[in-house]
Amino acid sequence: MGKKPKAEPKPKLKEDPVFREMLTRIAGEHGYEVASALVDNELTDDEVTKRTGIRINLVRRILYDLYDSRVVGYRRARDEKSGWYIYYWRIEPERAKEFLLNNKRVLLQKLQQRLEEERNTMHFNCENSCPKVTFDVAVENDFKCPKCGDRLERYDNSSIIAALEHQVESLRQHLAGS
Ligand SMILES: [Zn+2]
């Protein structure tokens, strides 16, 4: 299938926008920061707090969420003095990549589905900023906006379609190259 474009250097895990999105979804707003701190380092929760400035309780919850999704792992060692266990956390690069790939596949499916929907659905809206409605709703309301009563016009979704097509294409290339 065509020539492979000259090797564009692969984005590093940390810089991959889907990686970022995925971590945010798994572990909230700060999930990405915590995971990034662990990309090339093995750190305790305390050290993660120092590096990221995120408070310790939140760091622990995030670590747990990431562990639950198998994106991070830990090594346990007993502290000689206190006798307590110390947990050293790290990113599991292979698992994170696998997880990321699966997420990308799911994302691609969703985008393709949305694209189909956008291609097959007619939407209508008024000139005010009311939400758009489907064809059925427009018919039911005699082509008057259900919210403000103004006339409904066919909503032009060609820019949405173009944007979705672009996203689908770049994700496809990304998956093909990994
Ligand atoms: Zn309206």
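All of these numbers come straight from a predicted model, not from anything done at the bench. (Residues numbered from 1 in each chain as written. Predicted model: local features only at pLDDT ≥ 70, side-chain atom pairs only at ≥ 80, totals over all residues.)

Visitor: Would you mind showing me how to read the confidence of the model for the protein here?
Guide: In low-pLDDT regions, the fine details of the predicted coordinates are not to be read closely. Averaged over the protein, the pLDDT score is 88; the fraction of residues at 70 or greater is 93%. Mean pLDDT per element in the protein: helix α1 (residues 17-27) is the minimum at 81, and helix α3 (residues 45-52) is the maximum at 96. (pLDDT = per-residue confidence, 0-100. Helix = DSSP H or I, 4+ residues; strand = E, 2+ residues; numbered from the N terminus.)

Visitor: Can you walk me through the nonpolar core in this structure?
Guide: Within soluble globular proteins, side chains that are nonpolar generally end up buried alongside one another. By size, the foremost hydrophobic cluster in this structure holds 20 residues, and its most contacted members are V34, A35, L38, L63, L66 and V72. Only α1, α2 (31-37), α4 (56-68) and β2 (85-91) provide two or more residues apiece to this core. Setting aside residues up to four positions removed in sequence, L66 forms contacts with I26, A27, G31, V34, A35, V71 and V72. Ranked by size, the runner-up nonpolar core spans six residues in total, among them F124, C126, C145 and L152. (Core = buried A, V, L, I, M, F, W, Y, C linked by C-beta atoms within 7 Å. Buried ≥ 20, exposed ≤ 12 C-beta atoms within 10 Å, placed from the backbone. Contact = placed C-beta atoms within 7 Å.)

Visitor: How should the sheet that holds strand β3 (residues 123-125) be read in this particular structure?
Guide: The strands making up a sheet are joined through hydrogen bonds of the backbone, oriented either antiparallel or parallel. Ordered in space as β4-β3-β5, the three strands form an open sheet in which the pairing is antiparallel. The open sheet terminates on both sides in strands that have one partner only, identified here as β4 (133-134) and β5 (153-154). Bridging between β3 and β4 involves two bridges; their strand directions are antiparallel. Along β4, the bridge assignment pairs H123 with T134. (Pairing = 2+ DSSP bridges.)

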